[in-house]
Amino acid sequence: MTRKKISHKRNQHKHSKKDVNNFGDLIHLMKASDDFKHFTLGNVNNIEVFYYQSLINLDKIEVTLFGKLEDAKIDNLDVLENLLPFSETEITSDLTIIEEKILTGYMALKLTNNSQNILLIPAKFEVDRQVAMPEIEFSVIGPKLAFIEDINTNINLIRKRVKLPQLHIKNIEVGKITKTNVAITYIDGIANQDNVDTIIQRISAIEYDQIMDSSFISQMISDNSQSPFPQLMDTERPDRVSSALVEGKIAIVVDGSPHVLIAPTTLVEFFASYEDYFLTWPLASAFRIIRICAVIFSVLITPMYVAVLTYHYHIVPGDLLGTLVSSRKDIPFPPILEVLILELTIELLREAGARLPTKIGQTIGIVGGIVIGTAAVEAGLTSNVLLILIALAALASFTTPIYRIGNTIRLLRFPFIIFAQMWGLVGITIAAMFLITHLLRLTSLGRPFLEPLYPPRWRDLKDAVIRFPFNLQGSRPVITTATDKHRINTNRTRLKRGKRK
């Protein structure tokens, strides 16, 4: 088909869309699809029925609708509405509402003697999976429920945990073609209204034809969409979202997405697993420190290897230097090339394991890593010391509880490796300065992304690197700028304990 013909068809489609002036034009447009059904109901032939077969639960409709109206003679839509056992019915002549309802699983009924009003009946055919266990943020201790793709189910999971009439839901339709329902969720009286208004304004301003997942929203409303760091946290756990709402944060639930966005957020929150709150505070704090150290190790260990063996071998202890030299004596490549080969191999294994079916992916990840690593050492392409370091760095990057920040950690390693090759340890310092500068300038809903580390906030440090006991966390985080800043009354708690004694 020539470009001219394609252009003509597109113009024809636009023209037909603009020319929908009445209900007859709308039905003519919809009848072009084979799954659209239009027929007259009953022997009396005074009720016309319109619906998309692929969106309707026909079993439900045949029992509750067709059976009642087969021989009915009705001259008024109000009488027809009262006759049918359906809730959320609507009588309207607004073409925009009629089109929207039919396209979302409603059946339209029209009396042949009335060409204006249409009765809309909900008959949606639901195809959703059952609520299951989290796959990404799995925890041994705590609830085992995760969000699914249905927005109403997800809001239900949140409301079960936050039983307050002040829990408000603001719905916005986004996407010129997909018309995706986005629910902005917050607790009135706790959440800062400026944060709520900012999110509503940013989502309402989105001009895009399709919104398929919450990731689309996250990229479009972030303060800096060019940054590799996620500025909104996404989670599949209803308990985490409920806790964030109580702290004064805002949750964004997107229809069709099993992940809910939380804003505002900080960098340290991406290294805090929600399982930390189910453990005693010394254990939770120890595990958080381990995760943070693991991430630093994952980013810096291979750049350090390149810098030391290229420029600074004299700082290596003599006994260890002998081991390094003997492991590299038959390697034909410089350290930078050796590191890049293994790093890219690990990334290939990760991508292959993620894209293949679950059972095959696990086999590829384990067997492929062992076979390729052993073969690379025996072939003299890389040293066994570097192979151990790369494997440890890969394991360390998996300790992050939030998947998106793990991807960022994987990417950060490569600029550090390049700077290490150019200027050694000085290059690593320069790369770290660039990274810290970027993080200092980064914000989430206008709030500092490095808070509470910078600017230092003692109140929020109680639940940052170290998780203090609950009775010492009497205030909500400063970053949320919550209207109600107090979570518990510490003085009253002390008095109650004293009375018990």
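Residues numbered from 1 in each chain as written. Predicted model: local features only at pLDDT ≥ 70, side-chain atom pairs only at ≥ 80, totals over all residues. Heavy atoms only, no water.

J.: Explain the nonpolar core here, please?
T.: As a rule of thumb, soluble globular proteins bury nonpolar side chains together. Counting 53 residues, the largest nonpolar core has Phe229, Val241, Leu267 and Leu439 as its most contacted members. For this core, the leading source of residues is helix H10 (residues 281-310), giving 7 residues. With residues near it in sequence (within four places) discarded, Leu439 still touches Phe229, Leu267, Phe449 and Leu450. Counting 20 residues, the second largest nonpolar core, distinct from the first, contains Val182, Tyr186, Ile221 and Val254. (Core = buried A, V, L, I, M, F, W, Y, C linked by side-chain atoms within 4.5 Å. Buried < 20%, exposed > 50% of the residue type's maximum accessible area, 1.4 Å probe, protein only. Helix = DSSP H or I, 4+ residues; strand = E, 2+ residues; numbered from the N terminus. Contact = heavy atoms within 4.5 Å.)

J.: Is there a simple way to explain the packing of aromatic side chains in this structure?
T.: Describing an aromatic ring pair means giving the distance of the ring centres and the angle of the ring planes. For the structure on display, the rule yields 11 aromatic pairs. With centroids separated by 5.5 Å and ring planes inclined at 85 degrees, the aromatic side chains of Tyr274 and Phe278 adopt a geometry described as edge-to-face. Taking relative accessible area as the criterion, Phe278 reaches 30% and is therefore assigned partly exposed. Clustering of aromatic rings is evident, with ring pairs tying together Tyr274, Tyr277, Phe278 and Phe470. (Phe/Tyr/Trp six-rings, centres within 6.5 Å; stacked < 30°, edge-to-face > 60°.)

J.: Please clarify how the pairing of strand S10 (residues 260-263) should be interpreted in this entry.
T.: Here is the key point about a regular strand: its side chains alternate between the two faces of the sheet. Residues Val260 and Ile262 of S10 are buried on one face, and the alternating residues Leu261 and Ala263, pointing to the opposite face, are buried as well. Bridge count for strand S8 (residues 233-235) against S10 is 3 bridges, and the pairing is antiparallel. Within S10, the residue paired with Met233 across the bridge is Ile262. In the sheet, strand S9 (residues 250-254) pairs with S10 via 3 bridges, with the strands oriented antiparallel. Each bridged residue has a counterpart across the sheet, and for Ile252 the counterpart in S10 is Leu261. Connecting S9 to the next strand, S10, in antiparallel fashion are 5 residues, including Gly256 with a positive phi near 95 degrees. (Pairing = 2+ DSSP bridges.)

J.: Would you explain the environment of Pro448 in this entry?
T.: In this structure, Pro448 sits in strand S12 (residues 447-448). A C-alpha to C-alpha distance of 7.7 Å links Pro448 and Ile479, two positions 31 residues apart in sequence. Setting aside anything within four residues of it in sequence, one finds Pro448 in contact with Thr266, Leu442, Tyr454, Pro455 and Ile479.

J.: Honestly, the pattern of salt bridges in this entry has me stumped. Any pointers?
T.: One side chain can pair with another of opposite charge once the charged atoms of both are near each other. Summed over all chains, the structure comprises 16 salt bridges. Two residues, Arg202 and Asp223, come together in a salt bridge whose shortest N-O distance is 2.6 Å. Of this pair, Arg202 sits in helix H7 (residues 193-204) while Asp223 sits in the loop between helix H8 (214-221) and S8, placing them 21 residues apart in sequence. For Arg202, a relative accessible area of 23% corresponds to the partly exposed category. A relative accessible area of 28% means that Asp223 is categorised as partly exposed. Sharing partners across several salt bridges, the network here consists of Asp276, Arg288, Arg291 and Asp463. (Salt bridge = Lys/Arg side-chain N within 4 Å of Asp/Glu carboxyl O.)

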